Amino acid sequence: MELRPDEEHILKGEEGESRRKAMELLVALGKVYGAEDLIDITSAHLSGASYKTIGDGGLKYLGDQVAGGAKVSVLTTLNPVGMDLCRWKEMHISEKFAVKQQKIVELYGKMGVKTTCSCTPYTGENVPKFGDHVAWAESSALSFVNSFIGARTNREGGPGALAAAILGKTANYGLHLDDKRVPSVLIDADIDGSVFSYSLLGQAVGCAIGGRVPYFRGLPKDTGIEEAKTLSAAMAAAGSVAIWHAENVTPEAGKYDVSDLEVIHVGKEELKAAYDTLNTADDVQLIALGCPHLTQKEIHEIATMLKGKKKKQGSPEIWFCTSAATREKCGEDVKILEEFGPVLADTCMVVAPIEGTFSRTGTNSAKAGNYLPTLCSQNIMCKDIAKLMEAVY
């Protein structure tokens, strides 16, 4: 790799041990993936935030980073953690878990990381612009910004994203380059336009194409944030899709000739197969919504659905997961939701230790439908929100 003089100084340790180690990691990643140089980034988004997923080893790693003087140099946000930082007792979290989780967030804060923890930072203060280079480590969020916004990021791991945040740079390879963003398969999509249909579409496509770059035809022109985040999340979980294009929807779609691409049709038959794959439970103990985190629009729609209704006795527990910033903006709607279950911030059902309390969970998210069986030992009911609520009122 070709480094600039100031980058060579960092690698020699002339700006401290923390920055030297970060530079060593980025250079090593760059060599593995064939990068010619480093590129400046405008923001980072970090994974590796839940105590459930990083454990004591991760806690020690973060402590060592802080002791070494690590500080981020660009806007850096953090993924959901294992519990609502204030309302963790409502999630059946043990005090031992809570103490260690709070320590993790505290350590990130000491490095200058924004500690509102969300998988949808683009609905808050971390909103890249078209063409920005960033280093993001949440699979659904990075797919959203690559595709729906036209920013550029690879699928970063936790340590790599933290190193990039510290230096304000990342290795220049993969989806930072034009030729790696070119679509490789055309998806002829036939869906009803509901948010849940985007979830099933993402499940079907992710299973069919793995990590290829899909180009969609047939998506409604009014595909918005809620639909795009749902589609991104499902494809990233069912496959490893990190960027997608959609005719008349995404900003880079118009520049590609897709006439010679392989065509895959996804309609009612394929969506039904995806639905059948996701559903493994006939009744549930917990209904958890917000994977990825609920937006203001989604919270309002759920509140409208629930207004005037009463939760029936013996119905499943309900969690509504969103960011702290979004919860704060939705005061009146949150009051309605709280009559049915807690509106939780900073966390979600996937990274929380729910397996200690529940074994059957309902969700409207194909992403959660993929991760809950493996990460949380859950059988799943995956339906749209209206269908899930039939068990509640």
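Described below are features of the structure shown in this document. (Residues numbered from 1 in each chain as written. Predicted model: local features only at pLDDT ≥ 70, side-chain atom pairs only at ≥ 80, totals over all residues. Heavy atoms only, no water.)

**Regarding the sheet that holds strand β6 (residues 185–189)**
Paired through backbone hydrogen bonds, the strands of a sheet run either parallel or antiparallel to each other.
And step 1. In space, the four strands of this open sheet follow the order β8-β7-β6-β9, with parallel pairing throughout. Each edge of the open sheet carries a strand with a single partner, namely β8 (245–246) and β9 (263–266). (Pairing = 2+ DSSP bridges. Helix = DSSP H or I, 4+ residues; strand = E, 2+ residues; numbered from the N terminus.)

**As for the pattern of salt bridges**
And step 1. If you walk through the whole model with that rule in mind, you get 26 salt bridges.
And step 2. Across the salt bridge formed by lysine 255 and glutamate 252, the nearest N and O atoms sit 3.7 Å from each other.
And step 3. Assessed through its relative accessible area of 3%, glutamate 252 is described here as buried.
And step 4. A salt bridge links aspartate 283 to arginine 360, with the nearest nitrogen and oxygen atoms 3.1 Å apart. Taken together, the residues aspartate 283 in the loop between α9 (268–278) and β10 (286–294) and arginine 360 in strand β13 (residues 360–363) connect sequence positions 77 residues apart.
And step 5. Several salt bridges converge on common partners, so that one network encompasses Arg4, Asp6, Glu7, Asp40 and Lys169. (Salt bridge = Lys/Arg side-chain N within 4 Å of Asp/Glu carboxyl O. Buried < 20%, exposed > 50% of the residue type's maximum accessible area, 1.4 Å probe, protein only.)

**Quick word on the environment of lysine 114**
And step 1. Position of lysine 114 relative to the elements: it lies in the loop between α4 (95–110) and β4 (135–136).
And step 2. Linking lysine 114 and histidine 45, residues 69 residues apart in sequence, is a C-alpha distance of 9.6 Å.
And step 3. Once you skip the residues sitting within four places of it in the chain, lysine 114 turns out to touch Leu75, Thr76, Thr77, Leu78 and Glu125. (Contact = heavy atoms within 4.5 Å.)

**Side note on unusual backbone geometry**
And step 1. The step from cysteine 291 to proline 292 runs through a cis peptide bond, and the omega angle for that step is -5°.
And step 2. Of note, proline 292 is situated in strand β10.

**Overview of helix α3 (residues 51–67)**
And step 1. End to end, α3 covers just 19 Å across 17 residues, shorter than the expected 24 Å (1.5 Å per residue, more than 12% under).
And step 2. Along α3, the helix axis deviates most sharply at glycine 57, where the bend reaches about 65°.
And step 3. Within α3, burial applies to Tyr51, Gly55, Gly58, Leu59, Leu62 and Gln65.
And step 4. Looking at the buried side of α3, the elements it contacts are α2 (17–33), α4 and α6 (158–167).
And step 5. Regarding α3, its N-cap is serine 50, as a side-chain oxygen of that residue lies 3.1 Å from the backbone nitrogen of lysine 52 further along.
And step 6. Where α3 terminates, the next one or two residues include glycine 69, which has phi positive at roughly 90°. (Expected span 1.5 Å × (residues − 1). Bend = angle between axes of the 7 residues up to and from the residue. Polar contact = N/O pair within 3.5 Å; in protein donor to acceptor, adjacent residues only side chain to side chain.)

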